[in-house]
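Examination of the molecular architecture
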Amino acid sequence: MSSRDRILGRVRRALADVPAGDAPYESAVDRGYARGHGVRSTEETVDLLAENLADYRAIVHRATREELPTTLMRLLAESGAQTVLVPPQLPHGWMAEADPVLLHDRAALTTEQLDRVDGVVTGCAVAIAETGTLVLDGSPDQGRRITLVPDHHICVVRVPDQVVSSVPQALERLDPARPLTWISGPSATSDIELDRVEGVHGPRTLEVVLMSGE
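Here goes a summary of the coordinates provided. Given the structure is predicted, the values throughout are model-derived calculations rather than measurements. (Residues numbered from 1 in each chain as written. Predicted model: local features only at pLDDT ≥ 70, side-chain atom pairs only at ≥ 80, totals over all residues. Heavy atoms only, no water.)

Structural notes on the sheet that holds strand E2 (residues 83-86)
Using the following cut-off: The criterion for strand pairing is that DSSP finds at least two bridges linking the strands in question. Starting at the N terminus, helices and strands are each numbered in turn, a helix being any DSSP run of H or I of at least four residues and a strand any DSSP run of E of at least two. Axis definition: a line fitted to C-alpha atoms, limited for helices to the stretch in contact. Angles are taken between N-to-C directions and run from 0 to 180 degrees. Working rule for contacts: check all heavy atoms of both residues, and any pair within 4.5 Å makes them a contact.
Across the sheet, which stays open at both edges, the six strands sit in the order E1-E12-E7-E4-E2-E3 with parallel pairing between neighbours. Because the sheet does not close on itself, it has two edges, and the strands there are strand E1 (59-64) and strand E3 (101-104). Each adjacent strand pair in this sheet contributes to an overall mean axis angle of 25°, direction not counted. On top of the sheet, helix H3 (residues 42-55) reaches E1 and strand E12 (205-212); it is set at about 145° to E1, its chief contact. In the packing of helix H4 (residues 68-79) onto the sheet, contacts are made with E1, E2, strand E4 (119-122), strand E7 (152-158) and E12, and the angle to E7 comes to roughly 165°.

So this is what it looks like as structure tokens:
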């Protein structure tokens, strides 16, 4: 008997006492739990997002839609970036004033090539205020693997359209069939001797631009 057969056999035995007409998991679970904690204005929700992002050691900036190209140019210049990777459909004009060489995401890029890139600029799908979390869903303005290798990630959040208070509210907006990447601060681990080390599994530096006015 193979390992696969053993595992499937255990699953069948575990489900043997479930009635044939029992409700599926999706409808059987009570969804009456609180969807948020307290009532906040839009401004308070955005401020909470900024506070929790900073608590996770992300660097937070604020800019209007008109200021965004200049802001991105400044952030890339301050980091000394020479090459910047962008997803295929990053909104037109965001990088209009950027000086570094722009590389567009394509399947032919190897891991080694991604590792040599100085930074990446993306949008996001949703930002969660209560947890300081950014969620990317692999859309054309976000990419997928490009945010997992380069050492510097700049993520632009549209305010207030992409900001929600809680995880349940975020889940309502997300498609579970898409490749979701949940980001709470720069990559970090404390696996060895409980010492925090950043940049092991992803970007060492995460900068978030809260863009208003769109």
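Alright, that's what it looks like, and here's the rest.
Points about the pattern of salt bridges
Note the following rule: Salt bridge, as applied in this entry: a Lys or Arg side-chain nitrogen positioned within 4 Å of an Asp or Glu carboxyl oxygen. Burial classes follow relative accessibility: with a 1.4 Å probe on protein chains only, a residue under 20% of its type's maximum area counts as buried, one over 50% as exposed, and anything between as partly exposed.
Across all of its chains, the model carries eight salt bridges by this definition. For the salt bridge of Arg-40 with Glu-130, the shortest nitrogen-to-oxygen distance reads 3.3 Å. Highlighted residues: Arg-40 in the loop between helix H2 (25-28) and H3 and Glu-130 in the loop between strand E5 (126-128) and strand E6 (133-136), separated in sequence by 90 residues. What makes Glu-130 partly exposed here is its relative accessible area of 22%. Salt-bridge contacts for Arg-62 lead to Asp-47; the nearest nitrogen and oxygen are separated by 2.9 Å. Separated by 15 residues along the polypeptide, Arg-62 in strand E1 and Asp-47 in helix H3 bring together distant segments of the chain.

A look at the pairing of E2
Here four bridges tie E2 to E3, and the two strands are oriented parallel to one another. Each residue of the ladder has a partner; that of Thr-83, found in E3, is Val-101. As paired elements, E2 and E4 share two bridges and run parallel to each other. Paired with Val-84 across the strands is Gly-119, a residue of E4.

A short note on the sheet that holds strand E9 (residues 181-183)
With respect to topology, four strands assemble into an open sheet ordered E8-E5-E6-E9, the strand pairing being mixed. Here the strands that pair on one side only, and so sit at the sheet edges, are strand E8 (163-164) and E9. Taken together, the three bridges between E6 and E9 define a ladder with antiparallel strand orientation. Paired with Val-135 across the bridge in E9 is Trp-182.

So, a nonpolar patch on the surface
Stated formally: Within the patch definition used here, like charges are joined within 9 Å and nonpolar side chains (Val, Leu, Ile, Met, Phe, Trp, Tyr) within 5 Å, considering only residues with over 30% relative accessible area and no salt bridge. Computed with a 1.4 Å probe, the accessible areas rest on the Shrake-Rupley method; for each residue, only the protein chains presented here act as cover.
A cluster of nonpolar side chains, Ile-7, Val-11 and Leu-15, forms an exposed patch at the surface whose accessible area comes to about 270 Å². Relative to the helices and strands, Leu-15 resides in the loop between helix H1 (3-14) and H2. In this structure Leu-15 comes out as exposed when scored by relative accessible area, which is 53%.

Quick word on the state of the cysteines
Spelled out, the test is: Two cysteine sulfurs form what is called a disulfide whenever their separation falls within 2.5 Å.
Here the structure, examined in full by the defined rule, presents zero disulfides. Lacking any disulfide linkage, Cys-124 is separated from the closest cysteine sulfur, that of Cys-155, by 4.5 Å. On the basis of relative accessibility, which here comes to 1%, the residue Cys-124 falls in the buried class. For Cys-155, a relative accessible area of 0% translates into the label buried.

Some details on the nonpolar core
Cut-off, in case you're wondering: Nine residue types can take part in a nonpolar core, namely buried Ala, Val, Leu, Ile, Met, Phe, Trp, Tyr and Cys, and a core is a set of them joined through side-chain atoms within 4.5 Å.
The biggest cluster of nonpolar side chains holds 19 residues, and the ones touching the most others in it are Leu-49, Leu-134, Val-157, Val-208 and Leu-210. At the level of elements, H3, E6, E7 and E12 are the ones that each hand at least two residues to this core. Dropping the residues within four chain positions of it, Leu-134 is found in contact with Leu-53, Val-126, Ala-127, Cys-155, Val-157, Thr-181, Trp-182, Ile-183, Leu-206 and Val-208. Within the second largest apolar cluster, 17 residues are counted, among which are Leu-90, Trp-94, Met-95 and Met-211.

A word on H4
For the α-helix, the turn length of 3.6 residues means that residues three or four positions removed from each other point alike. We count it as follows: Multiplying one less than the number of residues by 1.5 Å gives the expected span of a helix.
Spanning 12 residues, H4 covers 17 Å between terminal C-alpha atoms, matching the ideal 16 Å at 1.5 Å per step. Buried-residue contacts for H4 involve E1, E2, E4, E7 and E12. Count one or two residues on from H4 and you reach Gly-80, which has phi positive near 75°.

Any functional reading would require information beyond the geometric quantities listed.
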